[in-house]
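For reference, the chains in residue letters:
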Amino acid sequence: MEFEYTVLRKEADMHNRCCGGLVWCIKDICGIMCAALTWILILYAEFVVMVVMLIPSPYPVYSLINGVIFQSLAFLAFASHLRTMFTDPGAVPKGNATKEMIQQMGFREGQMFFKCHKCCSIKPERAHHCSVCQRCIRKMDHHCPWVNNCVGENNQKYFVLFTFYIASISIHALFLSVNQTITCVKHEWKDCSVYSPPATVVLLLFLVFEALLFAIFTVIMLAAQMQAIWNDETGIEQLKKEEARWVKKSRWKSIQAVFGRFSVSWFSPFTTPLPRMKHEGFLYSV
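Residues numbered from 1 in each chain as written. Predicted model: local features only at pLDDT ≥ 70, side-chain atom pairs only at ≥ 80, totals over all residues. Heavy atoms only, no water.

A. Focus on the side chain of Asn66. As for its position among the elements, Asn66 is in helix H2 (residues 60–86). A polar atom in the side chain of Asn66 sits 2.9 Å from the side chain of His172. With residues near it in sequence (within four places) discarded, Asn66 still touches Leu54, His172, Phe175 and Leu176. (Helix = DSSP H or I, 4+ residues; strand = E, 2+ residues; numbered from the N terminus. Polar contact = N/O pair within 3.5 Å; in protein donor to acceptor, adjacent residues only side chain to side chain. Contact = heavy atoms within 4.5 Å.)

This is the structure in structure tokens:
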């Protein structure tokens, strides 16, 4: 059975929100530190690529093209990270499992529904409780400390884009580092960088290590996310080997449910897929 979305007037839910309730944010120290470390590593890659490799390069066209590509990918990666981090992943209203609310939601006496005893909410199908967010999240895939948020129904697109753009700048940084090393070996090390040869070697080695590590990690994560979307099955459902009680969408419909209709906006962290008008088996309230 499908219930259409109904907006119910009640007090604004301020849990996991800041800036007067305008922004979703998880107050988890570990997650905040991981997110800050992500920004620091992106900025370090920016510094080495631009200051050590591209700006001092004697080839202006090479520097301009690679600079524009790297800066564009880094900006999109940073924007995707922020959208993932500060977007409500699909939190179920906390404490809505009251008798009055159940009646307002249109549930009939004797009708079966699921209740989360941890956050006292009416639990929609395919929702799971996150111990870090302390909320039930619709279509929860997993909680990622690197974005300090759950990956769920509302922000999965941004998380996929984040992994895609981080993988892209990592591979690009590896290419630039290898090319810079070859150039320095062919010429005098002191002439290929504004820094001393030992400092240049250390900066390049750390960038190669960072880029290689993040490229492997994000490519694997990106592949896992795309497989989950393709199969209409979240990561936590795969992990728990849950039997599909929902009607699975076709593969193309599953992709559209996350990214929207095919267009260039698929690759933009600034666009939001059109909201679904119905939610299977659950009357949603805000």
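B. Region of the structure containing the pairing of strand S6 (residues 127–130). Where S6 and strand S7 (residues 135–138) come together, four bridges link them in antiparallel fashion. Following the sheet pairing, His129 is matched in S7 by Cys136. Hairpin connection of S6 to S7: four residues between the antiparallel strands, including Gln134 at a positive phi of 60°. (Pairing = 2+ DSSP bridges.)

C. Focus on helix H7 (residues 251–259). Listing the buried residues of H7 in full gives Ser254, Ile255, Ala257, Val258 and Phe259. Residues of H7 that are buried in the fold lie against helix H4 (156–186) and helix H5 (197–230). In the stretch just after H7, Gly260 is the one whose phi turns positive, near 85°. (Buried < 20%, exposed > 50% of the residue type's maximum accessible area, 1.4 Å probe, protein only.)

D. Molecular detail of a nonpolar patch on the surface. Residues Ile29, Ile32 and Met33 make up a contiguous nonpolar surface patch of roughly 330 Å² in combined accessible area. Looking at the element boundaries, Met33 is found in helix H1 (residues 29–54). Note on Met33: relative accessible area 56%, which makes it exposed. (Patch = residues over 30% accessible without salt bridge, like charges linked within 9 Å, V, L, I, M, F, W, Y side chains within 5 Å. Areas by Shrake-Rupley, 256 points an atom, 1.4 Å probe, with all protein chains shown as cover. Salt bridge = Lys/Arg side-chain N within 4 Å of Asp/Glu carboxyl O.)

E. Local environment of the pattern of salt bridges. Going through the model one piece at a time under the given rule, you end up with four salt bridges. A salt bridge links Asp88 to Arg17; its shortest N-O distance comes to 3.2 Å. In this pair, Asp88 is assigned in the loop between H2 and helix H3 (99–104) and Arg17 in strand S2 (residues 17–18), connecting sequence segments 71 residues apart. Residue Asp232 is joined to Arg126 by a salt bridge in which the shortest nitrogen-to-oxygen separation is 3.1 Å. With Asp232 in the loop between H5 and helix H6 (235–240) and Arg126 in the loop between strand S5 (121–123) and S6, the pair connects residues that are 106 residues apart, well separated along the chain. Through salt bridges with shared partners, a single network forms among Arg126, Asp232 and Glu237.

F. Broad picture of the nonpolar core. Among the nonpolar cores identified, the biggest contains 32 residues, and Val48, Val49, Met53, Phe70, Phe159, Ile166 and Leu207 are the most heavily contacted of them. Of all elements in the fold, only H1, H2, H4 and H5 reach the threshold of two or more residues within this core. In terms of residues, this core owes the most to one element, H1, which gives 10 residues. Filtering out sequence-adjacent residues up to four positions away, Val49 remains in contact with Leu54, Phe70, Leu176 and Leu207. Listed in part, the eight residues of the second largest apolar core include Cys130, Cys133, Ile137 and Met140. (Core = buried A, V, L, I, M, F, W, Y, C linked by side-chain atoms within 4.5 Å.)

G. Inspection of the packing of aromatic side chains at higher detail. Here the structure, examined in full by the defined rule, presents 11 aromatic pairs. Ring centres of Trp146 and Phe214 lie 6.3 Å apart, and the angle between their planes is 70°; this geometry places the pair in the edge-to-face category. With Trp146 in the loop between strand S8 (142–144) and strand S9 (149–151) and Phe214 in helix H5, the pair connects residues that are 68 residues apart, well separated along the chain. Here Trp146 falls in the partly exposed class, since its relative accessible area comes to 26%. Look at Phe259 and Trp266: their rings are 5.5 Å apart centre to centre, the planes differ by 35°, and that puts the pair in the tilted class. An identical accessibility class is assigned to Phe259 and Trp266; each is buried. Ring-pair connections join several aromatic residues into one group, and the members of that group are Trp252, Phe259, Phe262 and Trp266. (Phe/Tyr/Trp six-rings, centres within 6.5 Å; stacked < 30°, edge-to-face > 60°.)

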